[in-house]
Amino acid sequence: MTDASVVVRSVNVSTAKSVPAGATAVGHPVGLKGAVPRQLGMSRAALAENGFDGKAGQTLAIPSGDGLLVAVGVGATDEVDANSLRKAAAAFARAASKHTHLATTLADAGDVDPAAAASAVTEGVLLASYRYVGLKTGDDVGSKLTDLTIVSGAKRAAAADTGAKAGHAIAAAASFARELANTPPTYLNAVDIADKAVALADEAGLTVEVFNKDDLLAMGCGGMIGVNRGSTEPPRMVKLTYSPKAAGKGKQKHLAMVGKGIMYDSGGISIKGGDAFHQAMKMDMSGAAAVLSAMSALKALECPTKVTAWLMCTDNMPSGSALKLGDVLTMRNGKTVEVLNTDAEGRLVLADGLSLAVEEQPDAIVDIATLTGSVLSALGPDIAGLLGTDQDFVDQVKASSESVDEPVWQLPLERKRYRKMLDSPYADMKNIGGPYAGTITASIFLSEFTGDVPYAHLDIAGPMKIDSDDGIYSKGASGFGTRLLIDLACNF
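The sections below set out a description of the structure shown in this document. Nothing here was measured: the structure is a model prediction, and the numbers come from that model. (Residues numbered from 1 in each chain as written. Predicted model: local features only at pLDDT ≥ 70, side-chain atom pairs only at ≥ 80, totals over all residues. Heavy atoms only, no water.)

**Structural notes on the overall build of the chain**
For step 1, the next point in the chain: The helix and strand tally for the chain stands at 16 helices and 19 strands.
For step 2, the next point in the chain: Taking 2.2 N^0.38 as the reference for a compact globule, 492 residues should give roughly 23 Å; the C-alpha atoms of the chain span a radius of gyration of 23 Å, in line with that estimate.
For step 3, the next point in the chain: If one aligns the C-alpha atoms of the chain with their principal axes, the spans along those axes are about 75 × 55 × 40 Å.
For step 4, the next point in the chain: Expressed as a percentage of the 492 residues in the chain, the buried residues total 57%.
For step 5, the next point in the chain: Contacts in the chain between residues at least 24 apart in sequence constitute 76% of all its contacts with a sequence separation of at least 6.
For step 6, the next point in the chain: For the chain, the accessible area works out to roughly 19800 Å², and carbon and sulfur atoms hold 51% of it.
For step 7, the next point in the chain: Charged side chains in the chain number 45 positive and 55 negative. The centres of these two groups are separated by 2 Å. (Helix = DSSP H or I, 4+ residues; strand = E, 2+ residues; numbered from the N terminus. Rg over C-alpha atoms; globule rule 2.2 N^0.38 Å. Buried < 20%, exposed > 50% of the residue type's maximum accessible area, 1.4 Å probe, protein only. Contact = heavy atoms within 4.5 Å. Areas by Shrake-Rupley, 256 points an atom, 1.4 Å probe, with all protein chains shown as cover. Lys, Arg positive; Asp, Glu negative; His and termini not counted. Charge placed at Lys NZ, Arg CZ, Asp CG, Glu CD.)

**Here we look at the nonpolar core**
For step 1, the next point in the chain: Within the largest apolar cluster, 103 residues are counted, with the highest numbers of intra-cluster contacts made by Leu240, Met257, Leu292, Met295 and Val366.
For step 2, the next point in the chain: The element contributing the most residues to this core is helix 5 (residues 157-182), with 13 residues.
For step 3, the next point in the chain: Among all residues touching Met295, those that are not within four sequence positions of it are Ala204, Leu206, Leu240, Thr241, Tyr242, Val307 and Ala309.
For step 4, the next point in the chain: Core analysis: the second largest hydrophobic core is formed by 41 residues, Met224, Ala256, Ala351 and Leu446 among them. (Core = buried A, V, L, I, M, F, W, Y, C linked by side-chain atoms within 4.5 Å.)

**Some words on the sheet that holds strand 14 (residues 384-388)**
For step 1, the next point in the chain: Pairing is mixed across the open sheet formed by 8 strands, whose spatial order is 7-8-10-9-13-17-14-15. Both outer strands of the open sheet, strand 7 (206-211) and strand 15 (408-410), are each paired with one neighbouring strand and no more. Ignoring which end each strand starts from, the neighbouring axes of this sheet average 20° apart.
For step 2, the next point in the chain: When strand 9 (residues 254-265) meets strand 13 (residues 364-369), the two strands line up parallel, connected through 5 bridges. Following the sheet pairing, Met257 is matched in strand 13 by Val366.
For step 3, the next point in the chain: In this fold helix 11 (residues 346-359) packs onto strand 8 (236-242), strand 9, strand 10 (306-316), strand 13 and strand 17 (455-459), with an angle of close to 155° to the strand it touches most, strand 9.
For step 4, the next point in the chain: Each of strand 13, strand 14 and strand 17 is contacted by helix 15 (residues 438-447), which is oriented at about 140° to strand 17, the strand it contacts most. (Pairing = 2+ DSSP bridges. Axes fitted to C-alpha atoms, helices over the stretch in contact; angles between N-to-C directions.)

**What to know about the layout of surface pockets**
For step 1, the next point in the chain: Taken as a whole, the largest pocket holds about 630 Å³ of empty space.
For step 2, the next point in the chain: Where the lining of the largest pocket is concerned, the elements lending two or more residues are helix 3 (82-95), helix 4 (114-129), helix 5, helix 13 (391-404) and helix 16 (482-490).
For step 3, the next point in the chain: Among the elements that take part in the lining of the largest pocket, helix 5 stands out by supplying 6 residues, more than any other.
For step 4, the next point in the chain: Counted by class, the lining of the largest pocket contains 14 nonpolar, 5 polar and 7 charged residues.
For step 5, the next point in the chain: Looking at the second largest pocket, its volume works out to about 540 Å³.
For step 6, the next point in the chain: As for the second largest pocket, its lining consists of 24 residues, and the residues nearest its centre are Pro381, Asp382, Ile466, Asp470 and Tyr473.
For step 7, the next point in the chain: Looking at the lining of the second largest pocket, the elements that each hand over two or more residues are helix 3 and strand 18 (465-466). (1 Å grid on protein atoms, 1.4 Å probe; cavity = no way out; pocket = protein on both sides within 12 Å on 5 of 7 lines; lining within 4 Å. Points joined across faces, edges and corners; volume = space filled by probe spheres on them. Nonpolar A, V, L, I, M, F, W, Y, C, P; charged D, E, K, R; others polar.)

Rendered as structure tokens:
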């Protein structure tokens, strides 16, 4: 499979004070009011006659010689922010998708910090241009984009250059997460993703440790071993550490991330139905993909926070050796769990990862997982569920969500009312809490393994994939959570 982060990095991203001669498609921002860029060669009245009035997300392609001019709507100028610029840039990329060299002045629209504006515009163009190639054959597959020039005025040029480089790194990471989750499970098992982590570690400034089945047995990771029992593919746990150079006075902050990496989820002996959701279960490792991809960008972004990450990777398959209902597992932290649904496996592998994270004594832990169908029922396909034990840390996650426009909604981690739903007569707890409040009871289960460390849980079962091209997203795996985790780490 193609490594999308390599594909995105192969796009030459540059900044300039004027549109370069080689650009074949140029995007210019147009607001609801005010002057129309003279480069478009059309008056506002002429644009209106062609159905364009400057609303956010609108585009109008205007042939010009051998190239293309694109009017890109940005809406009310005083409402322009980094998120709206990202969306506008994505609209421009889609309007000019047949061109190889794009240039745009969008980063100078409105009154947005030049670095943030250039980063958002770069992200928007690159992410909207992403296409999964995979096993497709023929010449007319994948993105045609080879060059992107961010055009910015002289006073903003230096900051815009910094922002464009950051946007390039962020888009590469999110595209890498998409590529991993889109890859068919035969071509990406737990061993494969561990190998990818090892391969990128040096360039990304990471130390990496890979733990095999024997290691996990010796470590007492009963969740990982139990879920893996039905699979012919061996499990892997990957530990990644990013340690920036010490800067300034005071203790360096330490953030832990844990990603669910169920490489393919059949449900185990609690087997899933043969529906479209089952077909998407190659994406049940989207949490691990987001964590790995976020880690790959921290060095390039000069993240000041120490980050330690765990990828908990295995299949969940039915077989004669598979986990049975009523089995009791002993987890890394010594707690015992009665398994009453083998399709509630993500929390079992995360429990081991969270237990290990606590042992590192970080300042906070965030996990990310395609965990429950309940969150999809509650919040729909666009919004992730957010729950946690520490409101200050949860608020940080929410702030990062808003900053990168990956929406979350906080649900209550209501231990006092709902913890009893996990009581078991045979073990410390059950792995399911009954037919109601599934996202909440799953989060309560996970919180049993986080000790006193501030903890936040992201359930991305809804936005893990998208059914059709829309904005910065292309049909298939979304890479949701990657940009949020990057922002969280860099601003922790």
